[in-house]
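Each chain, written out:
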Amino acid sequence: MTFEVSNMALALPEMFMLAMACITLLAVSFLGKNGAKAAYSLSQLTLAITAIIIYQSLGQTGTTFDGTYIKDGFSDVLKLVICLINMLVLLYSTSYLKARDLFKGEYYVLAIFSTLGMMIMVSAGHFLTIYLGLELMSLCMYAMVAMYRDSFVATEAAMKYFILGALASGMLLYGMSIIYGVTGNLSISAVSASIQAGSLDNTVLSFGIVFLVIGIGFKLGAVPFHMWLPDVYQGSPTAVTLFIAAAPKIAAFAMAIRLLVGGLGGAYEYWQDMLIMLSVLSMIIGNVVAIAQTNIKRMLAYSTISHIGFILLGVLSATQEGYAAAMFYALVYSLMTLGGFGMIILMSRQGFEADQLDDYKGLGRRNPWFALMMLILMFSMAGIPPLVGFYAKLMVIKSIVDINMLSIAIVAVLVSVIGAFYYLRIIKLMYFDAPEQKQLLEAPSDMRVMISINGIAVLMLGLFPGSLLALCASIFPL
Amino acid sequence: MFTDLPLLSLLIWLPVLGGLFVLVYGDKNPWAKPLSLLIAVASLVLSIGLYTGFDSSTHQMQFVEKMSWITAFDINYSLGVDGFSMPLIILTTFSTVIVVLAGWDVIKDRSNQYMAAFLIMEGLMIAVFSALDAILFYVFFEAMLIPLFLVIGIWGGPNRVYATIKFFLYTLFGSVFLLLALLYLHHVAGSFEILDFHNVSLSMPEQIYLFLAFLIAFAVKVPMWPVHTWLPDAHVEAPTGGSVILAAITLKIGGYGFLRFALPIAPDASMALDWLMIGLSLTAVVYIGFVALVQTDLKKLIAYSSIAHMGFVTLGMFIIFRIFANSATGNGAELAIEGAMVQMISHGFIAAAMFLCVGVLYDRMHTREISAYGGVINTMPKFAGFAVFFAMANAGLPGTSGFVGEFMVILAAFQADFWFAFLAATTLILGAAYTLWMVKRVIFGDVANDNVAKLTDINRREFFILATLALIVLVIGVWPAPVTEVMHASVEHLLTQVSQSKL
């Protein structure tokens with residue numbers, strides 16, 4: 001293995017973030033009571049500067065660390081989005097944490113380390129790099145869920161998340177080892193090359209792919225590997241739910257693309273059928289079960305599952321347009337989820353979680369502006385134009401129609417009609433029902449601004465989706 | 001003078017942006033209503049420009065605007081109107097003025113949001129009629145649901161939540177198939193331009209599937225029997241303005257969809273399945289006519305009568321193939337399509353007027369039960385005059401616009417098949433029966449109870465609204481030429497399109 005210093009500069013964002021994470025950790029340990037505040041500022045600064053570093057180096061591509069680290073358009077865009085999303089996540093979560101005596105420096109340190117893990121996953125050029133990033137991300141998140149030590153449900157959620165997450169990692173690793181057995185390689189590009197060359201044992205290869213797909217399915221939360229997701233979303237403190245719902249899905253999507261498209265793109269006929277199953281089941285179960293929920297966090301969890309189904313729809317088309325559509329969907333999903341959970345945080349206050357659907361009754365009277373933002377977010381998640389969620393669904397369905405899988409496209413549109421029901425129910429509660437609580441809803445000004453930007457972004461991207469779509473389309477082929 | 005302006009864009013975005021302004025800044029402000037009226041009137045004036053600047057000698061799209069919107073996927077902001085869409089746009093702008101006026105005193109709760117919803121909806125509906133890009137069309141086609149959903153849900157009657165969610169899910173269910181059809185057509189045609197879709201050749205199975213997708217989407221909108229059940233619910237629960245827009249415009253989008261998509265894109269499938277369309281249309285005319293007869297709720301009765309009248313629209317559109325088969329010249333085909341269009345426009349005015357009449361009564365008595373009324377003419381003579389006039393128009397009295405469209409379609413139906421004409425003509429009896437019986441029970445007779453005795457006649461605002469509508473119904477009834485002339489070239493073009501096989 002040769003190291004060239006000049007090449008290492010490609011990984012500057014990760015290195016910077018690692019250094020800052022360590023500094024934040026030190027600050028938390030030494031500053032005592034003021035540690036949390038310092039950690040918050042430092043982590044926001046870290047994310048901002050990392051984003052700037054990534055932005056400055058857009059267009060520069062290459063690999064380093066002997067091919068285990070890739071810097072390309074795909075990784076740059078996703079990393080940039082991950083940093084921005086996590087900045088918003090930290091902003092949203094701070095007031096929530098403060099109100100619940102959870103405002104501790106550790107939350108921010110873990111968040112930064114977890115973000116680092118996501119960035120490593122996105123840039124991975126080697127199976128082991130993927131695993132490294134995945135574990136760094138996941139371990140931090142297990143700890144974050146468990147941070148609310150006094151809460152019974154949070155502890156339960158953390159246990160569940162940890163055990164199932166570890167199992168999934170094991171599956172993934174097992175699949176990687178089988179692929180290694182077939183191809184003799186762990187580097188993604190080398191695996192791809194040997195599949196292109198052919199003459200592999202296809203039975204063993206498909207066996208390995210099965211385990212990889214299971215691992216990916218677990219991390220994304222696709223049916224039938226979704227059981228952890230509603231429990232974890234519901235049980236975690238909302239701030240943590242927000243964190244694990246938004247950016248990690250982008251990272252998991254990147255992992256799916258790196259492994260299935262980058263590495264095993266030549267063997268797509270093996271994973272396509274598996275993804276069809278995962279995707280169709282996720283769309284159906286996610287949308288149908290969400291109808292029965294009374295807890296909004298749990299409802300959004302099932303909604304996430306259905307969104308994952310749609311993202312997989314784009315991936316399984318195995319066309320460049322499909323990958324681009326899936327990427328667009330993943331980005332849009334994280335933006336919408338951010339807003340959705342952000343709104344729950346906004347509504348909650350000390351001793352009141354605002355996680356029941358009935359808590360949203362009459363929001364249209366208590367605060368028309370917030371209700372309008374929530375309306376935009378819900379219609380967007382339901383996929384109603386002119387909001388950005390529509391184009392996400394449109395593009396993945398288009399990619400499916402283009403490869404003539406019309407029956408799956410019909411399933412996709414039918415479940416989105418079913419799904420529309422539970423989003424409409426939130427709107428119904430907000431606008432058509434009388435409020436149960438009389439007092440007007442107040443929120444800190446930074447959150448007010450953030451939720452407005454979030455909602456308006458969903459609307460504006462819906463009116464002018466062209467540039468983001470073009471960006472996603474320009475990235476593929478990888 | 002209008003030729004230099006991007007008239008269609010103005011017509012779309014003036015109400016949308018104006019509506020947003022009213023929504024955001026109009027809360028509890030006294031100028032919200034006058035401003036809404038100003039925007040609605042300005043849109044009406046602009047849309048008159050469409051009529052005066054319209055060249056009725058050509059079927060080509062006019063007032064065309066084209067800009068790149070989503071460049072990566074070749075989706076354009078592409079607008080234009082022909083003889084089918086232009087009259088419907090004017091109908092839209094006119095109806096919005098009526099709705100704003102009708103809600104003036106009546107809507108007390110969140111009135112700026114009410115006005116804003118209708119203004120935004122106006123822009124979206126105009127966009128639906130003028131969009132020439134399939135995705136653009138679909139975006140507006142669905143976006144339109146959002147304001148109407150809120151209008152029914154917020155200002156509707158007691159069972160409004162059920163009605164509005166049913167309305168939304170029903171229409172969404174229909175439109176997702178439209179989306180699939182449009183995506184498939186893009187796959188075949190390589191472009192999202194609707195006019196390009198008209199030119200692709202498609203095999204019979206492809207056309208059948210596409211036609212069925214269009215059928216589901218537009219049959220729900222029209223609505224055709226048996227997917228009509230959302231309409232009576234939505235109408236009953238909707239506030240008066242909502243009912244007016246629903247009856248006057250959104251139903252027309254279904255008919256427009258058949259003209260713009262189903263017939264020219266899948267002519268062979270339309271021909272192969274015309275028995276289905278004719279059957280469903282005649283069922284709507286006859287069966288729904290009987291259903292209307294037994295209604296005890298005023299609004300429900302008018303809602304069912306709307307479904308029966310819209311049956312004429314789809315009947316007129318799909319008897320053309322039988323007419324072609326019977327005569328080489330196919331003169332009756334032109335009559336059929338034009339009859340369908342006239343019927344749509346006339347129904348837009350008459351149904352709007354009928355719902356406004358019910359609204360007038362409801363605002364005073366807060367009930368829609370027919371049995372709660374009786375002898376209204378004694379206390380509200382002016383109102384009774386209008387109500388009887390519109391009821392006659394609804395029953396298809398010669399001299400009113402209601403007669404023209406139905407007569408044209410029945411006349412054309414004779415050239416297709418005697419029995420079609422016979423069944424269609426039963427509407428003249430059924431329509432007269434349910435409308436006049438309703439009039440008899442509500443308007444005539446002795447004063448039924450104290451509540452009716454306390455009624456006050458319509459004020460100047462209501463008089464103005466109803467008088468304008470009555471005038472239009474009368475003018476189109478005796479002189480329909482201005483309406484039929486503008487669509488002539490487009491109808492002929494459509495007929496050449498459908499008579500050429502795409503196989």
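The shown structure was predicted, so the numbers you read here are calculated from the model rather than taken from an experiment.

Considerations on unusual backbone geometry
Next up, step 1: Omega for the peptide link from Val223(A) to Pro224(A) comes to 5°, which places this bond in the cis form.
Next up, step 2: Secondary-structure assignment places Pro224(A) in the loop between α9 (202-220) and α10 (228-235).
Next up, step 3: Omega for the bond connecting Pro385(A) with Pro386(A) falls within 30 degrees of zero, at 5°, which places this linkage in the cis form.
Next up, step 4: Looking at where Pro386(A) falls in the secondary structure, it is placed in the loop between α17 (368-382) and α18 (388-402).
Next up, step 5: Even without glycine at this site, Phe63(B) takes up a positive phi of about 55°.

Topic: the nonpolar core
Next up, step 1: Ranked by internal contacts, the top residues of the largest apolar core, which has 402 residues, are Tyr107(A) and Phe383(B).
Next up, step 2: In this structure Tyr107(A) touches Val89(A), Leu90(A), Ser93(A), Leu97(A), Met144(A), Met147(A), Ala239(A), Val240(A) and Phe243(A), once residues within four positions along its chain are discounted.

Examining the confidence of the model for chain B
Next up, step 1: In the predicted model, chain B carries a mean pLDDT of 87, and 99% of its residues have values of at least 70.
Next up, step 2: Here the predicted complex scores 0.91 on pTM and 0.87 on ipTM.

So, the interface of chain B and chain A
Next up, step 1: Across the contact, 34 residues belong to chain B and 37 residues belong to chain A.
Next up, step 2: When chain B packs against chain A, the two sides together hide about 3400 Å² of surface, and 82% of this comes from carbon and sulfur.
Next up, step 3: Ranking the residues of chain B by area buried against chain A places Phe73(B), Leu180(B) and Leu183(B) at the top, with a combined share of 16%.
Next up, step 4: Counting every contact that joins chain B to chain A gives zero salt bridges.
Next up, step 5: Our count for the chain B to chain A interface comes out at three residue pairs in polar contact (both at pLDDT 80 or more).
Next up, step 6: Those elements that place two or more of their residues in the side of chain B that touches chain A are β1 (62-70), α5 (134-143), α6 (145-155) and α7 (160-189) of chain B.
Next up, step 7: The element best represented in the side of chain B that touches chain A is α7(B), accounting for 16 residues.
Next up, step 8: Taken together, the residues of the side of chain B that touches chain A sort by class into 26 nonpolar, four polar and four charged.

Details of the pattern of salt bridges
Residue and element names in this part refer to chain A.
Next up, step 1: Using the criterion set out here, one finds 15 salt bridges over all chains in the structure.
Next up, step 2: Its salt-bridge partner being Lys71, residue Asp76 comes within 2.7 Å of it at the nearest N-O pair. We note that Asp76, like Lys71, is buried.
Next up, step 3: Here Lys398 ties to Asp402 by a salt bridge, and the two come within 3.4 Å at their closest N and O atoms. In this pair, Lys398 and Asp402 are both assigned in helix α18, four residues apart and thus about one turn of the helix distant.
Next up, step 4: By relative accessible area, which is 25% here, Asp402 ends up partly exposed.
Next up, step 5: Salt bridges linked by common partners bring Glu156, Lys160, Asp231 and Arg298 together as one network.

Some thoughts on the packing of aromatic side chains
The geometry of an aromatic ring pair is captured by two quantities: the separation of the ring centres and the angle between the planes.
Next up, step 1: Scanning all chains against the criterion turns up 52 aromatic pairs over all chains.
Next up, step 2: Here the aromatic rings of Phe389(B) and Phe390(B) are separated by 5.4 Å at their centres, their planes lie at 65°, and the arrangement is edge-to-face.
Next up, step 3: Of the residues examined, Phe390(B) reaches a relative accessible area of 0% and is grouped as buried.
Next up, step 4: Three or more aromatic residues joined by ring pairs form one cluster here, namely Phe390(A), Tyr391(A), Trp69(B), Phe137(B), Tyr138(B), Phe141(B), Phe211(B), Phe214(B), Phe218(B), Phe258(B), Phe261(B) and Phe318(B).
Next up, step 5: Sitting over the face of the ring of Phe141(B), Lys221(B) holds its NZ or CZ atom 4.5 Å from the ring centroid.
Next up, step 6: Looking at Arg441(B), its charged tip hangs above the ring of Trp437(B), at a distance of 3.7 Å from the centre.

Regarding a nonpolar patch on the surface
Next up, step 1: Where nonpolar side chains cluster on the molecular surface, the patch consists of Trp369(A), Ile456(A), Met460(A), Phe464(A), Phe21(B), Val24(B), Tyr25(B) and Trp31(B) and spans about 780 Å² of accessible area.
Next up, step 2: Of all the secondary structure elements, the ones that give two or more residues to the nonpolar patch are α20 (445-463) of chain A together with α1 (7-25) of chain B.
Next up, step 3: Among the elements that line the nonpolar patch, the one with the most residues is α1(B), at three residues.
Next up, step 4: Topologically, Trp31(B) is positioned in the loop between α1 and α2 (32-52).

A few points about the pairing of β1(B)
Next up, step 1: Pairing geometry for β1(B) and strand β2 (residues 75-81) of chain B, over six bridges, is antiparallel. Directly across from Glu65(B), in β2(B), lies its bridge partner Leu79(B).

Some points on the packing of α7(B) against helix α9 (residues 204-221) of chain B
All names here are of chain B.
Next up, step 1: Two elements in contact, α7 and α9, have axes separated by 8 Å at closest approach and are oriented at 150°. The pairing of α7 with α9 is recorded here as roughly antiparallel in orientation. Once α7 is placed against α9, the crossing between them reads as left-handed. Residues Tyr170, Thr171, Phe173, Gly174, Ser175, Phe177, Leu178, Ala181, Tyr184, Leu185 and Val188 of α7 lie in contact with α9, whose contacting residues are Glu206, Leu210, Ala213, Phe214, Ile216, Ala217, Phe218, Val220 and Lys221.

Scoring rules and cut-offs
- Throughout this description, residue numbers start from 1 for each chain and increase along the sequence as written.
- To read the labels, note that chains go from A and ligands from 1, taken in the order they are written.
- Where local features are concerned, this predicted model is filtered to residues with pLDDT of at least 70; where side-chain atom pairs are given and counted, the filter is 80 or more; whole-chain, interface and lining totals use all residues.
- Hydrogens and water molecules were not included; the side-chain quantities draw on all heavy atoms of the structure.
- Strands are runs of DSSP state E lasting at least 2 residues, helices are runs of H or I lasting at least 4, and numbering of each runs from the N terminus.
- Joining through side-chain atoms within 4.5 Å is the link that ties buried Ala, Val, Leu, Ile, Met, Phe, Trp, Tyr and Cys residues into a set, and such a set is a nonpolar core.
- For each residue, the accessible area found with a 1.4 Å probe, counting protein chains only, is set against the maximum for its type, and the residue is called buried under 20%, exposed over 50%, and partly exposed in between.
- Contact criterion: two residues are considered in contact whenever any of their non-hydrogen atoms come within 4.5 Å of each other.
- Residue-level confidence of the predictor, termed pLDDT, takes values from 0 up to 100.
- Two parts placed together each lose some accessible area under a 1.4 Å probe, and the buried area is that loss summed for both.
- Any carboxyl oxygen of Asp or Glu within 4 Å of a side-chain nitrogen of Lys or Arg constitutes a salt bridge here.
- Counted as a polar contact is a pair of N or O atoms within 3.5 Å, where, for protein atoms, one must be capable of donating a hydrogen and the other of accepting one, and residues adjacent in sequence contribute only when both atoms are in side chains.
- The nonpolar class holds Ala, Val, Leu, Ile, Met, Phe, Trp, Tyr, Cys and Pro. Asp, Glu, Lys and Arg form the charged class, and all remaining residues, Gly among them, are polar.
- Under the pairing criterion, centres of Phe, Tyr and Trp rings, with the six-membered ring standing for Trp, must be within 6.5 Å; the plane angle then separates stacked pairs below 30 degrees from edge-to-face pairs above 60, leaving the rest tilted.
- For a lysine, the NZ atom is tested; for an arginine, the CZ atom; a charge sits over a ring if that atom is within 6 Å of the ring centre and within 35 degrees of the ring normal.
- Like charges are joined within 9 Å and nonpolar side chains (Val, Leu, Ile, Met, Phe, Trp, Tyr) within 5 Å, but only among residues with over 30% relative accessible area and no salt bridge; these make up the patches.
- Methods summary: accessible areas were calculated by the Shrake-Rupley approach with a probe of 1.4 Å, and residue burial reflects only the protein chains presented.
- In this description, strands pair whenever DSSP reports at least two bridges between them.
- For helices, the axis comes from a line fit to the C-alpha atoms of the stretch in contact; other axes are also lines fit to C-alpha atoms, and the angle between any two N-to-C directions lies between 0 and 180 degrees.
- Note that the term roughly parallel is reserved for angles under 35 degrees, roughly antiparallel for angles over 145, roughly perpendicular for angles of 65 to 115, and oblique for everything else.
- Handedness of a crossing follows from how the near helix is turned relative to the far one, being left-handed for an anticlockwise turn of less than a right angle and right-handed for a clockwise one.

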